[in-house]
Amino acid sequence: DIITAIIVYLLIWWTLLFAVLPFGNAPDAAVRHGHATSAPANPRLKKKFLITTILSFVLWAVIVAAIHYSHFSFYDWVMIGNETAVAADGRVFRF
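Residues numbered from 1 in each chain as written. Predicted model: local features only at pLDDT ≥ 70, side-chain atom pairs only at ≥ 80, totals over all residues. Heavy atoms only, no water.

**Quick word on the packing of aromatic side chains**
Moving on, step 1. Taken as a whole, this structure holds five aromatic pairs when the rule is applied.
Moving on, step 2. When the centroid spacing of 6.2 Å and the interplanar angle of 85 degrees are considered together, the rings of Y9 and W60 count as edge-to-face. Linking Y9 in helix α1 (residues 2-20) with W60 in helix α2 (residues 45-69), this pair joins segments that are 51 residues apart in sequence.
Moving on, step 3. Ring geometry for W14 against F18: centres 5.2 Å apart, planes inclined by 80 degrees, an arrangement best described as edge-to-face. Remark: F18 and W14 occur in helix α1; sequence separation between them is four residues, near one turn of the helix.
Moving on, step 4. These aromatic residues form a ring-pair network of at least three members: W13, W14, F18 and F49. (Phe/Tyr/Trp six-rings, centres within 6.5 Å; stacked < 30°, edge-to-face > 60°. Helix = DSSP H or I, 4+ residues; strand = E, 2+ residues; numbered from the N terminus.)

Okay, here's the thing in structure tokens:
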């Protein structure tokens, strides 16, 4: 489903953004009045957005391929830990 794929991509992108944001930040040596002392001098947000987008696409493609080519579904993840699970296509899993 295309809507699910888009939502999964956005969740991956948003999560990776917060993982990428702290890299390469250094506080400004000359702090001006009204600015936080921990604020980065040059946050390089465009570069971080690009890195986040590329990494998100790669991870999203791996997840989509795993789901599409191995008949893996998120429903299977939900059922991990239960004694018996039945997938949407009728496969029975015992844990």
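**Remarks on α1**
Moving on, step 1. Compared with an ideal rise of 1.5 Å per residue, which puts 19 residues at 27 Å, α1 spans 26 Å between its outermost C-alpha atoms and is within 8% of the ideal.
Moving on, step 2. Of the positions making up α1, those classed as buried are A5, V8, I12, W13, L17 and V20. (Expected span 1.5 Å × (residues − 1). Buried < 20%, exposed > 50% of the residue type's maximum accessible area, 1.4 Å probe, protein only.)

**Topic: the packing of α1 against α2**
Moving on, step 1. One way to put it is that α1 packs onto α2 with a least axis distance of 8 Å and a crossing angle of 135 degrees. In terms of axis orientation, α1 runs oblique to α2. Between α1 and α2 the crossing geometry is right-handed. Of α2, the residues touching α1 (which contributes A5, V8, Y9, I12, W13, L16, L17 and V20) are K48, F49, I51, T52, T53, L55, S56, F57, L59, W60 and I63.
Moving on, step 2. Looking at the contact of α1 with α2 residue by residue, the classes come out as 15 nonpolar, three polar and one charged. (Axes fitted to C-alpha atoms, helices over the stretch in contact; angles between N-to-C directions. Parallel < 35°, antiparallel > 145°, perpendicular 65-115°, else oblique. Left-handed = near helix turned anticlockwise from the far one by under 90°. Contact = heavy atoms within 4.5 Å. Nonpolar A, V, L, I, M, F, W, Y, C, P; charged D, E, K, R; others polar.)

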